[in-house]
Amino acid sequence: MTDVYVIGIGMTQFGKHPDRTAASLGAEAVRAAIHDAGIDPRAIQTGYAGHVFQPMVTGQQVLAQVGLAGIPLANVENACSSGATAIRGSYLDILAGVADVSLAFGTEHLTGAFKGAFTPGEDDPEAAVGATMPAVYAMRARRYMEEFGLTRSQLARISVKNKRNAALNPLAHFKKDITIDDVLAARPIAEPFGLLDCSPVSDGAAAVILASGDWVKRHGDSSRAVRLAASALRTGEVETAPGSMTFEVLTHKTARDAYEAAGVGPEDVDFAEVHDCFTIAEILRIEGLGLFDQGTYPEAVERGEADLGGRFPVNPSGGLLGKGHPLAATGVAQVVELTKQLRGEAEDRQIEGARIGIAHCRGGKAAGVEGAACTVQILMR
Amino acid sequence: MTTTKTPVSFRPRELVVTEDGSGHLVGSRCPTCGAHYFPTREVCAGCLTEDLETVALPRRGTLYTYTVVHQSTPAFETPYVLGYVDVEGPVRVMGQIDLDPGDVEIGMELELKIVPWGTDDEGRTVWGYRFGGVA
Ligand SMILES: [Zn+2]
């Protein structure tokens, strides 16, 4: 079986772009990825476009703007995992021998599509009684506090860490350091969360170009190619009895698939980009991925272990809390960050000696299901 | 013009409201393995049995977790307490909680209450549910 490599990455500024569209942001990210790869765009044979709240065939609109129309392209919707699922499409095309070079991107003009609290699908019975995404995660935080003694300031510390990393990332939505007191004083959203416990509504796009090992050998710059060793996807299972809301079985099972495909274990991983849509989410993801034992991550964050320069840096890009969360762009932007770190091109955020990175996305909610779509990708130098 | 004495439920598939102002949540029970589901399902996720029974869920349960929501959609006035209640089955149901936030505790026993939820196009009261303290 062939190996799959990331040969090009591109990303727009994340933030508010009132005068842009998802198509124009997507085109900017795709052009940047083509330039980064240094390839003739006609080498690209297939494409996958992730977007959630955008017009239909946004992917084809992007292709038209970059001169690539004609290749097979599918638009992909998997809530917050849409971009990561697009990458998996390209990954599978290369594994199947359908393409030597494939493009995956995610783009979202969220400020134009959406305001206020996020809810599950409109017809969802939980949305009908007042569920919002922040409320669901806040309930998980409250339960985690009860079971493991998590404190409010430990939660806040995660937002402080990720916004500090974002301040070092020129493409991040947030550019300012904050303190624990800032987090505690923010407007309440769903207790225990205030505004700074929640990822912002952001616009942005990110793109990656993948190629087969053979193609890299023949045409590529192997010194900058980073191997995509696993791209796993799972759907949440229907619960036959109420499950724990403080341990993510879905994340755990998706990670198991990814570790197996990559031939590594959690002990081999050097750093992570995880889906920190809310402060509690980073804890649940990291523990679900098996990177820290359940109940131990909050104290590790307090000790600085997850900081840049710590034992196991988490969300060096700033994560969703700091970098921003343009839904479908998020999963692609995580792979962009992993690639920069593994190439040694992460500048002020560089993790010394990083060799293996893991990216985790999780999106969507349906009543009675633990979570909708979850992706885990492993990249190696 | 149609008039009916049966009160209108906000979501008839999930909540049955009876003439005496009482009611219950509607779930599924698998006759093969005993698993319960809310909302109702067509197929048992545990054993793939297709002929699930529709059952009335018990009115009392235990609070698994909760939050106080301060920002929501325009359909809801904030703040409100929202929680997950585990009822016998077992099955977990989300609902608003009719108590002061200071009186809410994980593990407390709560009871289903049928409450006015709004009005329909014909001006009739539409009924929904919340959980409240056990009398
Ligand atoms: Zn069954």
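Keep in mind that what you see is a predicted model, and the values were worked out from it rather than measured.

Draft legend 1. The state of the cysteines, seen in detail. For the structure shown, the criterion picks out zero disulfides over all chains. With no disulfide of its own, A:C277 lies closest to A:C80 among cysteine sulfurs, the gap being 6.5 Å.

Draft legend 2. Representation of the coordination of the zinc ion within the structure. Residues and elements named next belong to chain B. Coordination of the zinc ion by the protein involves C30 (SG), C33 (SG), C44 (SG) and C47 (SG), with metal-donor separations of 2.3 Å. Read in sequence order, the donor residues coordinating the zinc ion give the pattern C-x2-C-x10-C-x2-C. Taking the relative accessible area as the measure of exposure, C44 reaches 0% and is therefore buried.

Draft legend 3. Region of interest: the nonpolar core. Counting residues in hydrophobic clusters, the biggest one holds 86 residues, and the most contacted among them are A:I280, A:L291 and A:I378. Beyond its immediate sequence surroundings of up to four residues, A:I378 is in contact with A:R227, A:L228, A:A229, A:A230, A:A258, A:Y259, A:A262, A:V264, A:I356, A:G357 and A:I358.

Draft legend 4. Just the pattern of salt bridges, in detail. All names here are of chain A. This structure, assessed with the given rule, holds 31 salt bridges over all chains. The residue R152 makes a salt bridge to D197 at a minimum N-O spacing of 2.6 Å. Residue R152 is found in helix 7 (residues 152–167), and its partner D197 is found in the loop between strand 6 (193–194) and strand 7 (203–212); the two are separated by 45 residues along the sequence. In this structure R152 comes out as partly exposed when scored by relative accessible area, which is 22%. The shortest N-O distance in the salt bridge between R234 and D257 comes to 3.2 Å. Highlighted residues: R234 in strand 8 (residues 226–235) and D257 in helix 10 (residues 249–262), separated in sequence by 23 residues. Counted as one network, the salt bridges with shared partners bring together D36, R224, R343 and E345.

Draft legend 5. Highlighting the packing of helix 3 (residues 82–95) of chain A against helix 14 (residues 327–343) of chain A. Residue and element names in this part refer to chain A. The N-to-C vectors of helix 3 and helix 14 enclose an angle of 60 degrees; their axes lie 5 Å apart at closest approach. Here helix 3 is positioned oblique relative to helix 14, judged by the angle of their axes. Here S82, G83, A84 and I87 of helix 3 lie close against helix 14, whose contacting residues are A328, G331, V332 and V335. Partitioning the contact of helix 3 with helix 14 into residue classes produces five nonpolar, three polar and no charged.

Draft legend 6. Spatial organisation of the interface of chain B and chain A. Listed per partner, the contact involves 36 residues of chain B and 39 residues of chain A. Of the roughly 3000 Å² buried between chain B and chain A, counting both surfaces, carbon and sulfur atoms make up 61%. Between chain B and chain A we count 14 residue pairs in polar contact (both at pLDDT 80 or more) in total. If you list the elements that add at least two residues to the side of chain B that touches chain A, you get strand 4 (36–37), strand 6 (60–69), strand 7 (80–87) and strand 8 (91–97) of chain B. No other element matches the six residues that strand 6 of chain B contributes to the side of chain B that touches chain A.

Draft legend 7. How the structure looks around the packing of helix 1 (residues 22–37) of chain A against helix 2 (residues 58–66) of chain A. All names here are of chain A. For the pair helix 1 and helix 2, the least separation of the axes is 8 Å and the interaxial angle reads 55 degrees. Here helix 1 lies oblique to helix 2, going by the angle between them. At the point where helix 1 passes helix 2, the crossing takes the right-handed sense. Contacts between helix 1 and helix 2 involve A22, A23, S24, G26, A27, V30 and R31 from the former and T58, Q61, V62, Q65 and V66 from the latter. Considering only residue class, the contact of helix 1 with helix 2 consists of six nonpolar, five polar and one charged.

Draft legend 8. A look at helix 1 of chain A. All names here are of chain A. Its 16 residues give helix 1 an end-to-end C-alpha distance of 22 Å, which sits within 8% of 22 Å, the value for a rise of 1.5 Å per residue. Taken residue by residue, helix 1 has A22, A23, S24, L25, G26, A27, A29, V30, A33, I34 and A37 as its buried positions. Contact partners of the buried residues in helix 1: strand 1 (4–11), helix 2, strand 4 (101–109) and strand 7. Two residues or fewer past helix 1, G38 is found with a positive phi of approximately 65 degrees.

Scoring rules and cut-offs
As a convention, each chain's residues are numbered from 1 in the sequence order in which they are written. Chain labels run from A onward and ligand labels from 1 onward, assigned in the order the entries are written. Local features are withheld for residues below a pLDDT of 70 in this predicted model, meaning they are given only at 70 or higher, and side-chain atom pairs are given and counted only at 80 or more; totals for whole chains, interfaces and linings count all residues. Note: side-chain values were computed over all heavy atoms of the structure, leaving out hydrogens and water. Criterion for a disulfide: a pair of cysteine sulfur atoms within 2.5 Å. Listed donors are limited to N, O and S atoms within 2.8 Å of the metal, widened to 3.2 Å for Na, K and Ca; water is not among them, so incomplete-looking sites are possible. The rule is simple: take the accessible area with a 1.4 Å probe, protein chains only, and divide by the maximum for that residue type; under 20% is buried, over 50% is exposed, in between is partly exposed. Residues enter a nonpolar core if they are buried and are Ala, Val, Leu, Ile, Met, Phe, Trp, Tyr or Cys, with the set joined through side-chain atoms within 4.5 Å. Any two residues whose heavy atoms approach within 4.5 Å at even a single point are treated as in contact. By salt bridge we mean one thing: a side-chain nitrogen of Lys or Arg within 4 Å of a carboxyl oxygen of Asp or Glu. Working definition: helices are DSSP H or I runs of at least four residues, strands are E runs of at least two. Numbering for both runs from the N terminus. To get an axis, fit a line to the C-alpha atoms, keeping to the stretch in contact for a helix; angles then go from 0 to 180 degrees between the N-to-C directions. These descriptions rest on fixed angle ranges, namely under 35 degrees for roughly parallel, over 145 for roughly antiparallel, 65 to 115 for roughly perpendicular, and the rest for oblique. Nonpolar residues are Ala, Val, Leu, Ile, Met, Phe, Trp, Tyr, Cys and Pro. Charged residues are Asp, Glu, Lys and Arg, and all others, Gly as well, are polar. Note on definitions: buried area is the accessible-area loss of two parts on being combined, 1.4 Å probe, summed for both. Within 3.5 Å is the distance limit for a polar contact, defined as a pair of N or O atoms, with the added protein rule that one can donate a hydrogen and the other accept it, and that residues adjacent in sequence qualify only through two side-chain atoms. Crossing handedness follows the turn of the near helix against the far one: under a right angle anticlockwise gives a left-handed crossing, and clockwise gives a right-handed one. A helix is expected to span 1.5 Å for every residue after the first.

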